[in-house]
Structure formats: structure tokens, C-alpha cells
Amino acid sequence: MINIEVVLSPALLHLSNVKDKNVVVIDILRATSTICTAIHHGASSIKALRTPEEAKLMSSHGYITAAERDGNKLEGFDMGNSPFECMNGKVQGKSIALTTTNGTKCIEAAENARARNVYSGSFLNLKAMALKLASEQTDVILLCAGWKDSFNLEDTLFAGALASEISSLTETDIDCDAALMSMDIYNLAKSDLVGYLKKSSHYKRLSHLHHEEDMVYCLQHSVFETVTGLVDSEMKKIV
Ligand code: 3SL
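Keep in mind it's a predicted model, so treat the numbers as computed, not measured.

Procedures and definitions
Residues numbered from 1 in each chain as written. Predicted model: local features only at pLDDT ≥ 70, side-chain atom pairs only at ≥ 80, totals over all residues. Heavy atoms only, no water. Helix = DSSP H or I, 4+ residues; strand = E, 2+ residues; numbered from the N terminus. Buried < 20%, exposed > 50% of the residue type's maximum accessible area, 1.4 Å probe, protein only. Contact = heavy atoms within 4.5 Å. Areas by Shrake-Rupley, 256 points an atom, 1.4 Å probe, with all protein chains shown as cover. Lys, Arg positive; Asp, Glu negative; His and termini not counted. Charge placed at Lys NZ, Arg CZ, Asp CG, Glu CD. Core = buried A, V, L, I, M, F, W, Y, C linked by side-chain atoms within 4.5 Å. Near = heavy atom within 4 Å. Polar contact = N/O pair within 3.5 Å; in protein donor to acceptor, adjacent residues only side chain to side chain. Nonpolar A, V, L, I, M, F, W, Y, C, P; charged D, E, K, R; others polar.

Asks: Sorry if this is basic, but what is going on with the overall build of the protein chain here?
Replies: Looking only at helices and strands, one finds nine helices and 11 strands in the protein chain. The dimensions of the protein chain, computed from C-alpha atoms along their principal axes, are 45 × 35 × 30 Å. Taking all 239 residues of the protein chain together, 57% fall into the buried category. Put simply, of all contacts in the protein chain between residues at least 6 apart along the chain, 77% involve residues at least 24 apart. In the form shown here, the protein chain has an accessible surface area of approximately 9,900 Å², with 49% of it arising from carbon and sulfur atoms. Measuring between centres, the 23 positive side-chain charges of the protein chain sit 3 Å from its 30 negative side-chain charges.

Structure representation (C-alpha cells):
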């Protein structure tokens, strides 16, 4: 039996007992979707870093540097945070040092809280992620990155989708109102995720920055089977 808990914002993570649990970090638009895409497209690893300064320093160690703040690519870095920058052989065999507004700090927070495993969540590999979690029979925390410590809809929707998918594969114990709410809103939105999210704050923010194509891409359901998780403090291919 797997207990599933949803943490709606990194600001709430201190209320949960993370030690020895599997944590899925969720930043659907776009950090964890981009991380899964980079690994699926052959990147050797992604080091998630808190600050642009830390990411920049990794250049001298042979890393591609990638940085985003408030939806924009930062000047002086090789890449921003778009999944399309990771396609067509651009990251094949390369290591990437990535810093983003919300997602990358959650990866570090989950690791520091001594999670058993830290995974990168995305709709793109939802079924494969659920299969992996169900096979491990370890309690799960779904950590939504949100936006600057506030709740957001897209990460919550994915938490609901993943909790539902795990529950369809194995016996689960869900005694967490955030998880129950996430599953309910996923049921409400699942027939048209893009349409549902058009009213959300981050969808509007990224639309103003002309990132619609990224969002439509990130909201595709189970289009690849690669699973990405932390190994030696870097995101790597697990499955
Ligand atoms: O907050 C993050 O980590 C990013 O994913 C935000 S953005 O989609 O690149 O704007």
C-alpha cells in the first residue's frame, strides 16, 4: 500500500515528513517538463541549481548553462527553459546546469529533506512515472513547485493525474485533502488541459512571452517512457 501526499507549494514542505519517501518534483510549465525532455533527448545529466551564478560557474566544467527567471531566458547563458531547446541533438551526450524561478530549488529542497528518491514529474511521461512509483511500493510526496511559493493550477493538476494513475495500478492510501482536491480538479480538467489552463496565471504569463507552443507541448499525456530522477545530485535517466 502506497501513501500519497500532495504538497501544494514548497513553502509547505516543512510540514511533511519527507525522509525515505519518493518525492516527485512538479513544475509542469516548464522546468520539470524540460528536464524530462532533455533526458529523453539524450542529455547525460541535469544539475539543478538555485542561482544563475552557480549555473554560470558550471561552464568551466563543460556544462551547457541554462537559466530562466520570470519566464525569460537570462542573457549570457546557452539556453533558457524551453523543452524545444533540448531537441534535435542539441543536448545529446551533454550535461546541463539549469536554474529556474521555482522548479530547480524544489529539487534541491527534496534532496536536502533526505527523500529516498527524487524524480522529475511531467505529463509527457506520466504513465511511466506511475509504473515506476507503483513498482517501488514506497510512500510518495508530490511536490508542486507553484509560483514563488504560491499555489498554481498546472502543478496541482499533474499531482491529481499522477495520484489517480498510481491508484489505478496499485493499492493506495490517500488521507490528504490536497491530494483529494488535486484528483478532483484533474477529473474536471482532463478532457482539455490546455483549454482549462488558459485562465491560469502562469499560462497567461507565458502567453504574453509567446511560449504557447511550449505549453501545448508540456501538456501532452504520456508521449515517452523515460523516467528521470536524481543520481549523485544530478537528474539522470532512471528508466
Ligand atoms: O519556475 C520555473 O521553474 C519555470 O519553469 C518557470 S517558466 O515556465 O520557465 O516561466
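Back to the write-up after that little detour.
Asks: Please clarify how the nonpolar core should be interpreted in this entry.
Replies: One finds Phe123, Leu142, Leu157 and Leu162 to be the most contacted residues of the largest nonpolar core, which totals 47 residues. Those residues in contact with Leu142, other than ones at most four positions away along the chain, are Ile4, Glu5, Val6, Val7, Val24, Ile26, Ala159, Leu162 and Ala163. Counting 28 residues, the second-largest nonpolar core is a separate cluster that includes Ala66, Ile107, Ala115 and Leu143.

Asks: In this structure, what is going on with the site of the ligand? I would like to understand it.
Replies: Around the ligand there are 14 residues in total, and Arg30, Asn81, Thr100, Asn102 and Gly103 lie nearest to it. Here an oxygen atom of the ligand and a backbone polar atom of Ala31 are 2.9 Å apart. Taken by itself the ligand offers 290 Å² of open surface, and the protein chains cover 100% of this. Classifying every residue of the shell around the ligand gives four nonpolar, seven polar and three charged.

Asks: Help me out: how do you make sense of unusual backbone geometry in this one?
Replies: Glycine aside, negative phi is the norm for most residues, and most peptide bonds take the trans geometry. Going from Leu29 to Arg30, the amide bond is cis rather than trans, its omega being 5°. Tracing the backbone shows Arg30 in the loop between strand S2 (22-26) and helix H1 (31-40). Positive phi outside glycine occurs at Gln137, with the angle close to 50°. Assignment of secondary structure puts Gln137 in the loop between helix H4 (126-136) and strand S8 (140-144). Positive phi outside glycine occurs at Ser233, with the angle close to 65°. Within the secondary structure, Ser233 sits in the loop between strand S10 (228-231) and strand S11 (234-237).

Distances and angles like these do not, on their own, reveal function.
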